[in-house]
Each structure stands twice: as structure tokens, then as C-alpha cells.
Amino acid sequence: MTTTTDPADPIAMVAFHSALRRDLRRTRLVLGTGASRACESRLGRHLLWMIEQLRWHHEGEDIELWPFLAERDARLHQALDEMQSEHAAIDRPLAAFESAARGLVTGWGDGDAVIAALDDLEVPLLEHLRHEEEQLLPEVTRLMTQQEWDDFQQRAWIRGNTLPQSARFLAWLIDRAAWTPDQVRRLGVPWPAYALLIKPLCAAVRAVSASPWRRTTAAVVHPLTADAYVCAR
């Protein structure tokens with residue numbers, strides 16, 4: 001059983017990255033099969049929401065996490081500068097992707113523009129996610145306790161969210177995730193609560209939401225939660 005003084009386990013960050021990867025793949029599938037105008041509009045709204053989550057995620061790292069790690073180990077300054085530089089390099093293609101996604105909502109854009117913007121975004125974004133998982137998450141485990149990690153997540157990403165906002169985020173995070181009981185435990189959730197309450201409730205949230213994946217082949221795409229870092233713990 002994990003205690004607050006154990007080394008930090010940033011499995012939630014890998015789960016977030018995996019959900020991003022999943023929905024980028026889904027976006028290509030939906031737009032590559034002649035989606036209806038209504039489906040494109042739903043997809044555009046979902047992408048705008050997802051972009052907001054990514055920006056919020058990066059701000060939390062830049063403002064809270066990287067300075068914390070730098071204070072704990074000055075030898076990390078170069079690696080942390082690389083993380084911030086990668087965030088900055090993502091900003092321009094992310095803004096173009098946001099504009100293309102908004103075009104799906106308003107009708108003045110099309111799927112081709114979204115795919116073109118996604119082509120530009122995926123290279124720096126996916127490389128950054130891989131770099132962060134391989135180089136920085138082990139440092140989080142080395143330098144932070146579980147309590148410090150939990151406190152950081154509350155300050156940077158969770159505090160201030162309403163119940164509907166939290167439910168939407170959680171439903172998105174676990175969509176099609178085939179987590180094991182051990183992985184769920186590492187997320188800080190008892191397996192019975194996850195299996196009997198959280199997962200069914202999140203499925204209900206998805207069922208009543210305007211999902212862009214509904215009745216498409218993209219709906220069955222799973223997040224890559226079997227990441228090597230996740231399984232190594």
C-alpha cells in the first residue's frame with residue numbers, strides 16, 4: 001500500500017499523455033472517413049477542450065513542477081530548460097491546431113486543415129511527451145514524495161474545478177483504458193471503488209455527452225496505458 005512518504009508515482013501524468021495520444025489517433029480516423037458536418041462540429045469542440053487541458057497541464061509544470069525539481073537538484077537545470085523550450089516550441093503549432101479546430105465548429109474550416117495542423121503539431125508534441133516520460137518522470141520519483149506529488153497535482157491541476165468539470169476530465173482520461181488493479185491502486189483509487197462506481201459513472205457521462213467518436217471506428221481506440229514507465233513500477 002502506498003504511503004505519503006513513499007517516492008512519488010506520477011502514473012497520472014502518463015495516463016494524461018496516453019489519453020492525448022489516443023484522441024490524436026481518433027481525430028485522424030474520424031476525419032479520414034468522411035465525417036458528417038455535425039460530427040465535425042462535435043470534434044472541433046472536443047479538440048478545443050483538449051487543447052485547453054494541455055495548456056493547463058503545461059502551465060502547471062512550468063510554474064510549479066520544474067522550479068520544485070530545480071530546487072531539489074541543481075543538476076537538472078539543463079533538462080528542465082529543455083522541457084520549457086519544448087513547451088514553447090509546441091505553442092505555435094498548437095495555436096494553428098486550435099484555429100483549425102475552431103474552423104470545424106464555425107464551419108469556415110474543414111477536416112483537411114485540421115489534419116494539416118495536426119501533422120505539424122504531432123512531431124514536437126509526441127517527442128516532448130516521450131522525452132518527459134523517459135527523462136523527467138524518473139526524477140519526480142527520485143526527488144518527490146507521494147504527498148508532495150499529490151499536493152502539486154491539487155495546486156496545479158485539480159483545485160478550483162467544479163464537479164462537472166472533474167467528471168468530464170475523468171471520463172475522458174479513462175475512456176477505453178484497460179487499467180489493471182495495480183495501476184488503479186497507484187492512481188490512489190481502491191479497485192472496488194473504480195470498478196463498481198467510477199468506471200460506470202464515467203461511462204454514463206460519456207453516454208450523455210456529445211462525443212465525436214460515437215458510432216465511429218475511433219470509439220474503440222484504446223489509450224496506450226501499458227507504457228513502459230507505467231509497467232516498470
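All of these numbers come straight from a predicted model, not from anything done at the bench.

### Topic: empty space enclosed by the protein
Per the counting criterion, the structure on display carries two cavities of 30 Å³ or more. By volume, the largest cavity is sized at about 60 Å³. As for the largest cavity, its lining consists of L20, L24, M50, I51, L54, L94, F97, L121 and L125. Listed by contribution, the elements that provide at least two residues to the lining of the largest cavity are helix 1 (11–31), helix 2 (37–72), helix 3 (77–106) and helix 4 (111–143). The leading source of residues in the lining of the largest cavity is helix 2, at three residues. Of the residues that constitute the lining of the largest cavity, the class distribution is nine nonpolar, no polar and no charged.

### With respect to the packing of aromatic side chains
Per the stated rule, a full pass over the model turns up nine aromatic pairs. On the numbers, 6.2 Å between centres and 20 degrees between planes, the contact of F16 with F169 is stacked. Taken together, the positions of F16 in helix 1 and F169 in helix 6 (residues 163–174) put the pair 153 residues apart, joining distant regions of the chain. Taking 5.6 Å as the distance between ring centres and 50 degrees as the angle between the ring planes, the aromatic pair formed by F169 and W172 counts as tilted. Taken together, the residues span about one helical turn, with F169 and W172 both in helix 6 at a distance of three residues. Of the aromatic side chains, those joined through ring pairs into one cluster are F16, W49, F169 and W172.

### With respect to the side chain of E133
Relative to the helices and strands, E133 is located in helix 4. Given a relative accessible area of 6%, E133 falls into the buried group. Only 2.8 Å separates the side chain of E133 from the side chain of H17, close enough to count as a polar contact.

### Topic: the packing of helix 1 against helix 6
Helix-helix packing is described using two parameters, namely the angle between the two axes and the distance between the axes. Where helix 1 meets helix 6, the axes come as close as 8 Å, and the angle between the chain directions of the two elements is 75 degrees. Taken as axis vectors, helix 1 and helix 6 run roughly perpendicular relative to one another. Listed contacts from helix 6 to A15, F16, A19, L20, R22 and D23 of helix 1 are F169, W172 and L173.

Cut-off values and rules
- Throughout this description, residue numbers start from 1 for each chain and increase along the sequence as written.
- Per-residue local features of the predicted model are confined to residues with pLDDT of at least 70, and side-chain atom pairs are confined, for both listing and counting, to 80 or more; whole-chain, interface and lining totals are unaffected and use all residues.
- Note that the side-chain values use all heavy atoms of the structure and ignore hydrogens as well as water.
- Using a grid of 1 Å spacing that covers the protein atoms alone, one calls a set of points a cavity when a 1.4 Å probe fits there but cannot get out, and a pocket when the set is open and has protein on both sides within 12 Å along at least five of seven lines; lining residues are those with an atom within 4 Å of a point.
- Grid points are joined across faces, edges and corners, and a volume is the space filled by probe spheres set on the points.
- Numbering of helices and strands runs from the N terminus, with a helix taken as a DSSP run of H or I at least four residues long and a strand as a DSSP run of E at least two residues long.
- Residues were grouped as follows: Ala, Val, Leu, Ile, Met, Phe, Trp, Tyr, Cys and Pro as nonpolar; Asp, Glu, Lys and Arg as charged; and all remaining residues, including Gly, as polar.
- The rule is short: rings of Phe, Tyr and Trp, with Trp giving its six-membered ring, pair when the centres are within 6.5 Å, and they are stacked under 30 degrees, edge-to-face over 60, tilted in between.
- The rule is simple: take the accessible area with a 1.4 Å probe, protein chains only, and divide by the maximum for that residue type; under 20% is buried, over 50% is exposed, in between is partly exposed.
- For the purposes of these results, a polar contact is taken to be a pair of N or O atoms within 3.5 Å, where, inside protein, one atom must be able to donate a hydrogen and its partner to accept one; residues adjacent in sequence count only when each atom of the pair is a side-chain atom.
- Simply put, an axis is a line fit to the C-alpha atoms, just over the touching stretch for a helix, and the angle between two N-to-C directions goes from 0 to 180 degrees.
- Geometric relationships in this document are graded by angle, where less than 35 degrees denotes roughly parallel, more than 145 denotes roughly antiparallel, 65 to 115 denotes roughly perpendicular, and other angles denote oblique.
- The contact rule is simple, with two residues in contact once any of their heavy atoms fall within 4.5 Å.

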